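Each chain is listed here by its residues.
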Amino acid sequence: MTVQELPGAGASYRPTPPPAWRPRTDAAPLLPDPEPYRVLGTPAADKLDPELMRRCYAELVRGRRYNAQATALTRQGRLAVYPSTVGQEACEIAAALVLEERDWLFPSYRDTLAAVARGLDPVQALTLLRGDWHTGYDPREYRIAPLCTPLATQLPHAVGLAHAARLKGDDVVALAMVGDGGTSEGDFHEALNFAAVWQAPVVFLVQNNGFAISVPLAKQTAAPTLAHKAVGYGMPGRLVDGNDVAAVHEVLAEAVHRARSGGGPTLVEAITYRIDAHTNADDATRYREDDEVAAWKAHDPVELLERELTSRGLLDEAGIEAAKQAAETMAAALRERMNADPVLNPMDLFSHVYAERTDRLREQADMLRAELEAEAEAEDRS
């Protein structure tokens, strides 16, 4: 039966929804502001929490030094790869500090700094990138999900954990981090849809650093902003200056509070910039201009906060020097520990694959054990 054959079709047929149709949600409150929200350098900075901001400053300085040391380790062959967050430290630090101990952080492969700021041992944070162990840490101990190399696959996991926690009655919020490139993956859209339908206590933080490796944002989406994508799923979208640590922390704190109080998910887009190359294997000069990088260096997150705090008398030279010394101490310890060759057990290849080994795995493990024993006996005879 065609539309024209339906009862009442013809002149009275109108291809529109019936009168009972109404929007599920008023879109206006969900829309992001037209400009990224800022605190530093604005009247809103009058309300800064001095203790929190001094801690943020110390973490930013340590984070900058951590990035530099990890990058150096790749050049020395101690790391296979390192995706730097130089220029994005404000997002990393704010994400780590805004969570309670009981909450969960779901990082991407670039977010080792956020994991370190949350309390993870820097060496453990780099272990996956070193290639000598599975994750390098116990996710349950730190409430940090395994660092995720596949793009955006951590987002549905965050939604699942947050939804499960709410069903169990646990007061837990999940904060999931992703880059602008990850928003082009299907996992991103599926995660937002499930989170909104279930009203899961989860916050999505998109670090928009302008490029998905070499692909500029304009070739990924025609949306006004990535934060606008939230409206299509029925959640608020927030746009924030990702280099303003005070603004990022405030916006994320509001989103976490909303999630914890039953208000559902929020999508936060932080406008920032990746100063370094995508990884040590990337040549960023092939797809962006030096003038563009220089302009973003002038909006450096460490300098922005330092300038604000010193001008307000909340940070002095002694405080600046103390932060630098603490960062150097961390870098020296990281360098020393990473320069020690790891002790590897080839039999670990078969650990944590299945709760109970399959017949095939047992067979392979027996073969490797026999080879290792034969090699050891040969060395003893020589």
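No experiment lies behind these values; they were computed from the predicted model shown. (Residues numbered from 1 in each chain as written. Predicted model: local features only at pLDDT ≥ 70, side-chain atom pairs only at ≥ 80, totals over all residues. Heavy atoms only, no water.)

Q: When you look at the overall build of the chain in this model, what are you seeing that I'm missing?
A: Helix and strand counts for the chain stand at 12 helices and 7 strands. Taking the principal axes of the C-alpha coordinates as reference, the chain spans close to 100 × 65 × 50 Å. Looking at the chain residue by residue over its 382 residues, the buried ones come to 45%. Nonlocal contacts in the chain, meaning residues at least 24 apart in sequence, comprise 75% of its contacts between residues at least 6 apart. As presented, the chain carries roughly 19,600 Å² of accessible surface, and 52% of it is formed by carbon and sulfur atoms. The positive charge centre, built from 39 side chains, and the negative charge centre, built from 57, are 3 Å apart in the chain. (Helix = DSSP H or I, 4+ residues; strand = E, 2+ residues; numbered from the N terminus. Buried < 20%, exposed > 50% of the residue type's maximum accessible area, 1.4 Å probe, protein only. Contact = heavy atoms within 4.5 Å. Areas by Shrake-Rupley, 256 points an atom, 1.4 Å probe, with all protein chains shown as cover. Lys, Arg positive; Asp, Glu negative; His and termini not counted. Charge placed at Lys NZ, Arg CZ, Asp CG, Glu CD.)

Q: What is the right way to look at the environment of Leu-105 in this model?
A: With respect to the helices and strands, the residue Leu-105 is situated in strand β1 (residues 104-106). Exposure remark for Leu-105: the relative accessible area of 0% places this residue in the buried category. When residues no more than four places from it in sequence are discounted, the contact partners of Leu-105 are Leu-99, Ala-114, Ala-115, Arg-118, Arg-143, Ile-144, Ala-145, Leu-175 and Met-177.

Q: For this particular structure, what's the right way to read a nonpolar patch on the surface?
A: A cluster of nonpolar residues, Phe-194, Val-197 and Trp-198, forms a patch on the protein surface that exposes about 310 Å² of accessible area. With respect to the helices and strands, the residue Phe-194 is situated in helix α7 (residues 186-198). By relative accessible area, which is 44% here, Phe-194 ends up partly exposed. (Patch = residues over 30% accessible without salt bridge, like charges linked within 9 Å, V, L, I, M, F, W, Y side chains within 5 Å. Salt bridge = Lys/Arg side-chain N within 4 Å of Asp/Glu carboxyl O.)

Q: It is not clear to me how the pairing of strand β2 (residues 174-179) should be interpreted in this structure. Could you clarify?
A: If a strand is regular, its side chains alternate between the two faces of the sheet. The buried fraction of β2 amounts to 5 of the 6 residues, a majority that puts the element mostly inside the structure. Where β1 and β2 come together, 3 bridges link them in parallel fashion. Each bridged residue has a counterpart across the sheet, and for Trp-104 the counterpart in β2 is Ala-174. The sheet contact formed by β2 and strand β3 (residues 202-208) spans 6 bridges and is parallel. Within β3, the position partnered with Gly-179 by the bridge is Gln-207. For the handedness criterion, the β-α-β arrangement of β2, α7 and β3 is classed as right-handed. (Pairing = 2+ DSSP bridges. Right-handed = clockwise from strand over helix to strand, strands pointing away.)

Q: Even after reading the chapter, I still don't get the packing of helix α1 (residues 50-75) against helix α2 (residues 89-97), so can you show me in this structure?
A: With their axes 9 Å apart at the nearest point, α1 and α2 run at an angle of 125° to one another. Between α1 and α2, the angle is such that the two are oblique. Of the two possible hands of crossing, α1 and α2 adopt the one that is right-handed. Side by side, α1 and α2 meet where Arg-55, Cys-56, Glu-59, Leu-60, Gly-63, Arg-64 and Asn-67 of the first sit next to Glu-89, Ala-90, Ile-93 and Leu-97 of the second. (Axes fitted to C-alpha atoms, helices over the stretch in contact; angles between N-to-C directions. Parallel < 35°, antiparallel > 145°, perpendicular 65-115°, else oblique. Left-handed = near helix turned anticlockwise from the far one by under 90°.)

Q: Would you take a moment to explain the packing of α1 against helix α4 (residues 122-130) for this structure?
A: For any two helices packed against each other, one specifies the inter-axial angle together with the distance between the axes. Where α1 contacts α4, the two axes come as close as 12 Å, and the packing angle between them is 40°. By the angle between their axes, α1 is oblique relative to α4. When the axes of α1 and α4 are compared, the crossing they make is right-handed. For the pair formed by α1 and α4, the contact residues are Tyr-66, Ala-70 and Leu-73 on the first element and Pro-122, Ala-125 and Leu-126 on the second.

Q: Sorry, what's going on with helix α10 (residues 301-311) here?
A: Helical periodicity: at 3.6 residues per turn, an α-helix aligns residues three or four positions apart in one direction. Buried within α10 are the following residues: Pro-301, Val-302, Leu-304, Leu-305, Glu-308 and Leu-309. Viewed end-on, α10 has its buried residues packed into an arc of 165°, placing them on one side of the element. Against the buried residues of α10 lie α1, α2 and α8 (245-260). In this structure Asp-300 caps α10, since a side-chain oxygen of it lies 2.9 Å from the backbone nitrogen of Val-302. Positive phi appears at Gly-313, one or two residues downstream of α10, with a value of about 75°. (Arc of directions from axis to C-beta. Polar contact = N/O pair within 3.5 Å; in protein donor to acceptor, adjacent residues only side chain to side chain.)

Q: Any chance you could explain a negative patch on the surface here in plain terms?
A: On the surface, a cluster of negative charge is made up of Glu-371, Glu-373, Glu-375, Glu-377, Glu-379 and Asp-380. Counting through the fold element by element, Glu-371 comes out in helix α12 (residues 359-381). Residue classification places Glu-371 among the partly exposed residues on the basis of a relative accessible area of 47%.

Q: Which parts of the structure should I look at to understand the environment of Gln-364?
A: For Gln-364, the position within the fold is in helix α12. Residue Gln-364 is classed as partly exposed on the basis of its relative accessible area, which comes to 29%. The spatial distance from the C-alpha of Gln-364 to the C-alpha of Pro-156 is 33 Å, given a sequence separation of 208 residues.

Q: For this particular structure, what's the right way to read the sheet that holds β2?
A: One key point about sheets: their strands pair by backbone hydrogen bonds, in either a parallel or an antiparallel sense. In spatial order, the strands read β1-β2-β3-β7-β6; together these 5 strands make up an open sheet with parallel pairing. If you trace the sheet from one side to the other, it starts and ends with β1 and β6 (237-241), each paired once. Averaged over all pairs of adjacent strands, the angle between strand axes in this sheet comes to 20°, irrespective of strand direction. Along the sheet face, helix α6 (residues 154-168) touches β1, β2 and β3 and points at about 170° away from the line of β2. Across the face of the sheet, α7 comes into contact with β3 and β7 (266-271) while running at roughly 150° to β3.

Q: What is the right way to read the packing of aromatic side chains from this model?
A: Within the structure shown, the criterion is met by 6 aromatic pairs. Both rings, one in Tyr-137 and one in Tyr-142, keep their centres 6.4 Å apart while their planes meet at 85°; by these two values the pair is edge-to-face. Under the relative-accessibility criterion, Tyr-137 is labelled buried at 8%. Arranged with centres 5.3 Å apart and planes meeting at 55°, the rings of Phe-211 and Tyr-287 form a pair that is tilted. Within this pair, whereas Phe-211 is found in strand β4 (residues 211-212), its partner Tyr-287 is found in the loop between β7 and α9 (290-297), the two being separated by 76 residues in sequence. Exposure class is identical for Phe-211 and Tyr-287. Each is buried. Here Arg-238 stacks its cationic end above the ring of Tyr-37, 6.0 Å away from the centre of that ring. (Phe/Tyr/Trp six-rings, centres within 6.5 Å; stacked < 30°, edge-to-face > 60°. Lys NZ or Arg CZ within 6 Å of the ring centre and 35° of its normal.)

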